Amino acid sequence: MQIDTLYVHPTVTKDDYIIPMGVIGLMNSLNLNIKGIYDYELSKELLLSTKIVAMDLHGYFHLKKIEELASKIKSINKKIKIIIGGYTATILSSVIIGIFDIDYIVVGDSERPFKELVHNLLFNRPIDKIPNIISRRIKTQHSYSTTKDEFNSIDSLSLDWFPSYKNSIKINNPHFIPTLRGCLYDCAWCYGGKNNQLEICRRKQLLIRDPEFIVNDILKCEEDGKIQEIFIMGDFFDLQRFNKIDFSYIKKIFSRKYNLHFYYEFYNLPSIKELRMVISCFKKCTLGISFFKNHGQSFHLNDMEKIKKIVEFVQKMENAKLIILGDMRMQPIKDYGKFFINRYRNVEVKNDCLWRMPVPQYCSVKNKKDNQNQFKVFYNMSKVWKLEYGLD
Ligand code: SF4
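About the thresholds
Going along each chain's sequence as written, the residues are numbered from 1 onward. Owing to the predicted nature of the model, reporting of local features is limited to residues with pLDDT of at least 70; listing and counting of side-chain atom pairs is limited to 80 or more, with chain, interface and lining totals taken over all residues. Any two strands are treated as partners once DSSP identifies two or more bridges connecting them. The numbering of helices and of strands both runs from the N terminus, where a helix is a DSSP run of H or I of at least 4 residues and a strand a run of E of at least 2. As a rule, any residue with its backbone-derived C-beta atom within 6 Å of a molecule or strand is reported as near that molecule or strand. For this classification, Asp, Glu, Lys and Arg are treated as charged, while Ala, Val, Leu, Ile, Met, Phe, Trp, Tyr, Cys and Pro are nonpolar and the rest, including Gly, are polar. Domain limits in this description derive from either an automatic procedure or a database domain assignment. Whether two residues are in contact is decided by their C-beta atoms, placed from the backbone, lying within 7 Å. Simply put, an axis is a line fit to the C-alpha atoms, just over the touching stretch for a helix, and the angle between two N-to-C directions goes from 0 to 180 degrees.

Chemist: Tell me about the sheet that holds strand 5 (residues 104-106), and name the residues and values.
Modeler: Working definition: the strands of a sheet are paired by backbone hydrogen bonds and lie parallel or antiparallel to each other. Strand order across the open sheet formed by 6 strands is 2-1-3-4-5-6, with mixed pairing between neighbours. At either end of the open sheet lies a strand with only one pairing partner, and these are strand 2 (34-38) and strand 6 (133-134). Pairing of strand 3 (residues 50-56) with strand 4 (residues 81-85), which is carried by 5 bridges, proceeds in the parallel orientation. Residue pairing for strand 4: Val53 is matched across the bridge by Ile82.

Rendered as structure tokens:
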């Protein structure tokens, strides 16, 4: 069968079953013959029947892999058009387009530009009016960001076109439900941070999906039967503290029972009432809190007495487990980590320092020289990248 668009997800770490949340919706929006594979599933046969390959370059640690994949794909079938997108692809677009065997980069948000680009390429229509596109020949205006309606109506649950992803979803490998884009906080190392979002996606404020759509997605996961665990990114209780949503929003999501496992991170320490509310909705919960305030934005430690109370509460819950995140290079955190691990069952302490990637503050899309330097740093790191967790 002829494949109009083949999505290839690059893999370099043990966590690479995860594909960026937006990709599934983008592929589902095409209404064409589509297929999704991990890079190790690529075959000559598949490439000879493919017209367009789409790949994500989200984290910089996939840079080297994307370069290798692009040249492999072109060496097998020169006619294939290769499109990449994602945060790293956006930041380093001006460098990548000149040296990788890539035809198009969709910068920033992709919902409308990706769909139009794929269709126009397949039907030989011009692409110079599509926003957010970079090729060796053209650079269109980066003027598009996803609208609320587009975000609400994302289909992130039709997965039959990517069977190996669907098969990889299990307990501890959750499926991500889209909830928000952007963040209240501004961690320089996180692509979701306020200023990084402004630079990468031209997003001035948070994009929050309406709760009805989130509930609908959770219920569909439940019905599906194959999806056993889901991950919701973003702390609704924290958003409520900052008046970004009200309690009725939270109630719409956390006031019913779901026959699913649930992974959720609180950006600031929850109250016992909030914990109880979440835990009571799901068959089983893995809940994340951080040693630091604001999901790691600050290096101010949270109140350890409050953390202990949370730990002790979760200990009593049959269906909940707690993960505490922190930068284990820091001595006090290391000691607290060991204390919690040794003292309490069902508590895991994870090292999240490796997520602290030096992103766009050194890497302005407007500054070509910085871009080239940053590309070199990221590219060299991507050659040796290996993601590991845990206390030594
Ligand atoms: S690390 Fe967490 S708090 Fe910081 S910007 Fe990213 S999502 Fe927001």
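Chemist: For the site of the ligand, give the residues involved together with the corresponding values.
Modeler: Near the ligand you find 11 residues, and of these Cys183, Cys187, Cys190, Gly193 and His295 are the closest. In terms of residue class, the shell around the ligand is made up of 5 nonpolar, 6 polar and no charged.

Chemist: Just give me the short version of the domain arrangement of the protein, but keep the residues and values in it.
Modeler: You can read the domains of the protein as domain 1 (3-134) and domain 2 (169-377). Each of domain 1 and domain 2 has a C-alpha centre, and the two are 28 Å apart. Taken residue by residue, the interface counts 12 residues in domain 1 and 16 residues in domain 2. Considering each element in turn, the side of domain 1 that touches domain 2 owes the most residues, 3 residues, to helix 4 (residues 87-91). Residue composition of the side of domain 1 that touches domain 2, grouped by class: 7 nonpolar, 4 polar and 1 charged.

Chemist: Please set out the sheet that holds strand 13 (residues 320-326) residue by residue, giving values where relevant.
Modeler: Pairing is parallel in the open sheet, where 6 strands are placed in the order 7-10-11-12-13-14. One side of each edge strand has no neighbouring strand; the edge strands of this open sheet are strand 7 (175-177) and strand 14 (347-351). In this sheet, neighbouring strand axes are inclined to one another by 25° on average, regardless of whether the strands run parallel or antiparallel. Inspection of the sheet shows strand 11 (residues 258-265) paired to strand 12 (residues 282-290) by 6 bridges, in the parallel sense. In the sheet register, Phe262 faces strand 12, and the bridge partner there is Cys285. The strands touched by helix 10 (residues 211-224) are strand 7, strand 10 (229-232) and strand 11; relative to strand 11, the strand with the most contacts, the crossing angle is about 125°.

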